Amino acid sequence: MNRYSRQQLFAPIGEKGQRYIRKKHVLIIGAGALGAANAETLVRAGIGKITIIDRDYVEWSNLQRQQLYTEDDAAKQLPKAIAASVHLRAINRDVVVEPIVADADARLLDDFVARERPDIILDSTDNFDVRMIINDVSQKYDVPWIYGACVGSYGLSYVIIPNETPCLRCLLEEVPLGNATCDTVGIISPVVHMVVAHQTVEALKICVHAQVNRKLVSFDIWQGQYRMIDVHKLKKDDCPSCGKTRTYPALQYENETKFAVLCGRETVQIRPARRGEREWTTLLLFLEKCGIQVEQNDYLCSFTVDGRRFVVFSDGRVFIHGTNDIQEAKRLYYQYLG
Amino acid sequence: MRCIINGETIHLPSHVSTVAQLLHHFHIHKKIAIVEINMHIVPKEDYEHTAIADGDRIEIVHFVGGG
Ligand SMILES: [Zn+2]
C-alpha cells in the first residue's frame, strides 16, 4: 500500500504532484514550535529533503508545544536540530533530513542557499533580524520563502515570491522592537498549528506548481478572528531588498564576536567571529583544573560558575543563562572562554 | 464615530480622525502595521492624511516575531 495514497487521491496533488514533492528540498530555519511542526508535516508528506537549522537545545518548557520532542531529549539537552532529525527519520526514512546546529546568520544562510539552492525556505524563527536575512537571501537567489509567526493566540503567514509579490521589507519599514514574545505573553499550541497549516499548504502548492495564496493571512484563534488582506500594492520599486537597486542590507556581514540577549530568556548568546569546532580538550582540562563540574553530550557542554550557567556548543557559540546584561556576559565569557 | 475594526464595532473618540491617529490610539507603531479600509490597503506614507469615516470597515494587521 502506498503511504501517500490519500494525498495522491487529492486531485490538485495527484500522482504527478507527489512525484514533484519527492524531488523538492525545503530549508527550515528554526526547530522550535513552528519548525518542528512544519518539518513533521512535510516529512510525512514525502518531501525529498529537508535541512533544518537551529541554534538551541531542547528544554522542558519546549515540550508543551514543540511536537517532535520528548522528555528524554530535554533530559539529555539535545540540540533541537539533532533531536528533530532523529524523530523525523523515524517517521519517514525515505526523506533526507539534514540537521545543522548553528545560528542562522547572514553568512551561513548566504553560503547555504548559494550552494544548495533549496526550492523553498520555511521561516520558523523567533525574531525579525533573521527574517530580514531570509528575506534578502530569498531575493538574492530567487527562492520563495514563507513567513510564519505567532504569539499568544495570534498568528500570521505570508508567501513571498521574488519578482512577483512584495517582500517582507516592503511590508515592514523597520524591524519591530519591544514586541510581545512567547516568553513574555506566552503561546498556545493551537495557534502554532494554524500558522503551520498555512505555511505547509503553501509549501505543497509551490512544490506542485499550483497558485499560492498572495494574501497576508492573520488570525486570533482564541477570539475566532480570521482575515486576509491583499497587499500587492505595497511592493516598492525602491525597496533595498527587492527593488530596482538592491543592497541586501541584512547580508552585510560583520566580522566580530557578537553578544546578543535572547529575548525574554535571561540568556546572552555569544557568537565568536572565528567559525569552526571549539577546541574541547583544552577547555575541559581548564575547567577541571578550576574544579568546575562539566556536563557533556556530543554537541555541547554545560557548567556553572559564579551562579551563571554556561552552555558551550561545538560550533563555538556560548549561552550564558541567568543574565540579560551584555557587559557581565562579556566579562564572564572572556574570563572563562575567551 | 463608530467603525468596524477587525470585525468588531468600536466607538472611537472624536480626536481620532486619521489612520495615523487610529494607530496611535491603539498604541500600534505605524511602521509595523498594515491597514486596510473598506478593502483598500493604505500605503504607510498616506497614514497621516487618510481620513476615517463613520461606518468604515477597518482591518489592522500587526506583525509579530514569535514562533
Ligand atoms: Zn521589498
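Residues numbered from 1 in each chain as written. Chains lettered and ligands numbered in written order. Predicted model: local features only at pLDDT ≥ 70, side-chain atom pairs only at ≥ 80, totals over all residues. Heavy atoms only, no water.

- Chain B has the name Sulfur carrier protein in an unreviewed UniProt entry, where Anoxybacillus mongoliensis is given as its organism.

- Looking at an unreviewed UniProt entry, one finds chain A named Adenylyltransferase/sulfurtransferase, with Anoxybacillus mongoliensis as its source organism.
- The Sequence similarities (unreviewed entry) comment attached to chain A in UniProt states, word for word, "Belongs to the HesA/MoeB/ThiF family." (UniProt positions renumbered as here; feature names shortened; annotations may be inferred.)

1. A look at the pairing of strand S4 (residues 120-123) of chain A
Residue and element names in this part refer to chain A.
Then, number 1: Alternating residues of S4 divide into Ile120 and Leu122 and Ile121 and Asp123, and every residue in both groups is buried.
Then, number 2: The pairing of S4 with strand S5 (residues 145-151) spans two bridges and is classified as parallel. Bridging from a neighbouring strand, Ile121 pairs with Trp145 of S5. (Buried < 20%, exposed > 50% of the residue type's maximum accessible area, 1.4 Å probe, protein only. Helix = DSSP H or I, 4+ residues; strand = E, 2+ residues; numbered from the N terminus. Pairing = 2+ DSSP bridges.)

2. Considering the sheet that holds S5(A)
Residue and element names in this part refer to chain A.
Then, number 1: Sheet architecture is open: eight strands sit in the order S3-S2-S1-S4-S5-S6-S7-S8, paired in mixed fashion. The two strands at the open ends of the sheet, each matched to only one other strand, are strand S3 (96-101) and strand S8 (225-230). Looking at each pair of strands side by side, their axes are set apart by 15° on average, direction ignored.
Then, number 2: Bridging between strand S7 (residues 215-220) and S8 involves six bridges; their strand directions are antiparallel. Considered in S8, the bridge of Leu216 is made with Ile229.
Then, number 3: Across the face of the sheet, helix H6 (residues 106-116) comes into contact with strand S1 (25-29), strand S2 (49-54), S3 and S4 while running at roughly 175° to S1. (Axes fitted to C-alpha atoms, helices over the stretch in contact; angles between N-to-C directions. Contact = heavy atoms within 4.5 Å.)

3. Digging into the interface of chain B and chain A
Then, number 1: Contact with chain B, which involves 20 residues of that partner, is made by 32 residues of chain A.
Then, number 2: Summed over both partners, the interface of chain B with chain A buries about 2,300 Å², with 62% contributed by carbon and sulfur atoms.
Then, number 3: At the junction of chain B with chain A, the criterion picks out one salt bridge.
Then, number 4: For A:Arg227, the salt bridge identified is with B:Glu59, shortest N-O distance 3.6 Å.
Then, number 5: Connecting chain B to chain A are nine residue pairs in polar contact (both at pLDDT 80 or more).
Then, number 6: Sorting the residues of the side of chain B that touches chain A by element identifies strand S3 (33-37), strand S4 (40-42) and strand S5 (57-62) of chain B as the ones contributing at least two each.
Then, number 7: With four residues, the single largest contributor to the side of chain B that touches chain A is S5(B).
Then, number 8: Considered class by class, the residues forming the side of chain B that touches chain A number nine nonpolar, six polar and five charged. (Buried area = accessible area lost by both parts, 1.4 Å probe. Salt bridge = Lys/Arg side-chain N within 4 Å of Asp/Glu carboxyl O. Polar contact = N/O pair within 3.5 Å; in protein donor to acceptor, adjacent residues only side chain to side chain. Nonpolar A, V, L, I, M, F, W, Y, C, P; charged D, E, K, R; others polar.)

4. Observations concerning the nonpolar core
Then, number 1: The biggest cluster of nonpolar side chains holds 48 residues, and the ones touching the most others in it are A:Leu109, A:Ile121, A:Val231, B:Ile34 and B:Phe63.
Then, number 2: Secondary structure elements with two or more residues in this core: S1, H6, helix H7 (128-141), S5, strand S6 (154-160) and helix H8 (168-171) of chain A.
Then, number 3: When residues in this core are grouped by element, the largest group, seven residues, is from H7(A).
Then, number 4: Core analysis: the next-biggest nonpolar cluster, separate from the first, contains 35 residues, A:Leu78, A:Ala83, A:Val159 and A:Ile206 among them. (Core = buried A, V, L, I, M, F, W, Y, C linked by side-chain atoms within 4.5 Å.)

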